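# Residue-level structure breakdown
For reference, the chains in residue letters:
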Amino acid sequence: MTRPESEAEESDASAEAASAASTEAFNRYVLPELEVLYRTARSLTRNATDAEDLVQDTLLRAYRAIDRFDGRYPKAWLLTIMRNANINRARKKKPDLLDDPELTFERSVEFAETSGPEEIVTDPMFDASVIDAFDALSNDFRQVVELVDLNGLAYQEAADILGVPVGTVMSRLHRARRRIRDHLGEHGLDSEANLPRGSTMKDVVVGSAS
Amino acid sequence: MKLFKKMRGELSCDDVMEVLQSYLDGETDADTARKVASHLDDCTDCDLESSVYQNIRVSLSVNKAPIDPVVLDSLRHFGERVSRGEID
C-alpha cells in the first residue's frame, strides 16, 4: 500500500525531473540558435522591436513544446515555430479592420504571406554557399558589399567613405556579387528550385531537414 | 530579333545583364529602370538571374548584417529565464 505522502513526493519528483529535462533540452537545442533566431526575426519583421518580440514569443513556444522535440534539426524546428508565431502576430496586428471574422482572417493571412522578399528567410545550403563565397572575397571586394548590401549605402555614399571614384565602387561591387553568384552556380544552387525566395519558409525548412 | 528590339527601344538580355545589379540597387535612371522591369516581365531567364541576386542580398542581410550585442544579451537573458521556468 502506497502512502499518500510518498505518492505526492513521487509526483513532485517526476515533475521536477520533467522540468529539469526541459531546461536541459532548451539550453542544449534552443539557446545556441538565439543569434540565428534574431537575425531571422529581424529579416521577417524589418523592425528591431518587433524582431525582439518575435524571438521572445518563439522562445516561449519552443519551451512549451520542447518535451515533444526529438532533438533532430533544432534550427529547422525553431524556424518553423517562428514562422507560425509570425503568422499569428500578423493576424493579431490587423484584427480591427473588418468585423467579418473570415474576411479579417483572410486579410491577415494575406498580410503574413506578402510581407516582402525577406519573409522567405533561409535555406541552409544556399546561405552556407553565399557565406563561403562572401568570406572568400578580398578585403576591397568584401568592403563594398558590406557598405552597400549590409549597411544600405548608395554607390556614391560608399565611394565617399572609401575615397574612391563611384565607378570603382560599382565595378568592385558587381564583380564581388558575380563571384558569389558564380559560386552558387558551381554548387547547383542557382536554379529556380534552389532559391529560397519564391518558396515558402516551411517548404525550405522541411527541405533542409530531409 | 536583337535589331528589332533595339529599334523599338527595348533592351536585349545582354543589355539587361549589363545593368541588372545597378537596377536592383536603384542606381539606374528611371527610363532604364522601366525598360529593365519590362524585360524582366517577359524574359524568364533574366528574371531568374534577377531572383538569384535578390536572394544573395537577402541571404547576406540575414546572415552577415551587424547585430546589436546588447539586444542579443537581453534575448539570451530572457531565454535563460524561460529555460528556468520563470516565464511562461
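Everything in this summary refers to the structure shown in the same document. Quick caveat, the model's predicted, so the values are computed rather than measured.

## Brief notes about the overall build of chain B
- Assigned secondary structure in chain B consists of five helices and zero strands.
- Going from the N terminus to the C terminus, chain B shows its helices and strands as α-α-α-α-α.
- A total of 88 residues make up chain B; the buried ones form 41% of that total.
- Put simply, 50% of the contacts in chain B that link residues at least 6 apart link residues at least 24 apart.

## Observations regarding the packing of helix 8 (residues 155–162) of chain A against helix 9 (residues 166–186) of chain A
Residue and element names in this part refer to chain A.
- Packing of helix 8 against helix 9 brings their axes to within 8 Å, and their N-to-C directions diverge by 110 degrees. Classified by the interaxial angle, the pair formed by helix 8 and helix 9 is roughly perpendicular. Judged by residue contacts, Tyr155, Gln156, Ala158, Ala159 and Leu162 of helix 8 engage Val166, Val169, Met170, Leu173, His174 and Arg177 from helix 9.

## Thoughts on the pattern of salt bridges
Residues and elements named next belong to chain A.
- Scanning the model with the defined rule gives 16 salt bridges over all chains in all.
- Linking arginine 181 and aspartate 190 is a salt bridge whose minimum nitrogen-to-oxygen distance equals 3.1 Å.
- When its relative accessible area of 21% is taken as the criterion, aspartate 190 is described as partly exposed.

## With respect to the packing of aromatic side chains
All names here are of chain A.
- Inspection of every chain in the model, using the stated rule, returns three aromatic pairs over all chains.
- Ring centres of tyrosine 29 and phenylalanine 69 lie 5.3 Å apart, and the angle between their planes is 90 degrees; on these two criteria the pair is classed as edge-to-face. On the criterion of sequence distance, the pair formed by tyrosine 29 in helix 1 (residues 4–30) and phenylalanine 69 in the loop between helix 3 (48–65) and helix 4 (74–93) is long-range, its members being 40 residues apart. There is no split in this pair, since tyrosine 29 and phenylalanine 69 are both buried.
- Taken together, the aromatic side chains of Tyr29, Phe69 and Trp77 make up a single cluster linked through ring pairs.

## Quick word on the environment of threonine 80 of chain A
All names here are of chain A.
- When you line up the elements, threonine 80 lands in helix 4.
- With a relative accessible area of 27%, threonine 80 lands in the partly exposed category.
- The spatial distance from the C-alpha of threonine 80 to the C-alpha of threonine 58 is 9.5 Å, given a sequence separation of 22 residues.
- A polar contact of 2.9 Å, which involves the side chain of threonine 80, links it to the backbone oxygen of alanine 76.

## So, the side chain of histidine 174 of chain A
- Counting through the fold element by element, histidine 174 of chain A comes out in helix 9.
- The contact partners of histidine 174 of chain A, leaving out residues within four places of it in the chain, are Tyr155 of chain A together with Gln21, Ser22 and Asp25 of chain B.

## Section: helix 4 of chain A
- Over its 20 residues, helix 4 of chain A runs 28 Å from end to end, which matches the ideal 28 Å to within 8%, given 1.5 Å per residue.
- Among the residues of helix 4 of chain A, those classed as buried are Pro74, Ala76, Trp77, Leu78, Leu79, Ile81, Met82, Ala85, Asn86, Ile87, Arg89 and Ala90 of chain A.

What counts, and where the lines are drawn
Residues numbered from 1 in each chain as written. Chains lettered and ligands numbered in written order. Predicted model: local features only at pLDDT ≥ 70, side-chain atom pairs only at ≥ 80, totals over all residues. Heavy atoms only, no water. Helix = DSSP H or I, 4+ residues; strand = E, 2+ residues; numbered from the N terminus. Buried < 20%, exposed > 50% of the residue type's maximum accessible area, 1.4 Å probe, protein only. Contact = heavy atoms within 4.5 Å. Axes fitted to C-alpha atoms, helices over the stretch in contact; angles between N-to-C directions. Parallel < 35°, antiparallel > 145°, perpendicular 65-115°, else oblique. Salt bridge = Lys/Arg side-chain N within 4 Å of Asp/Glu carboxyl O. Phe/Tyr/Trp six-rings, centres within 6.5 Å; stacked < 30°, edge-to-face > 60°. Polar contact = N/O pair within 3.5 Å; in protein donor to acceptor, adjacent residues only side chain to side chain. Expected span 1.5 Å × (residues − 1).

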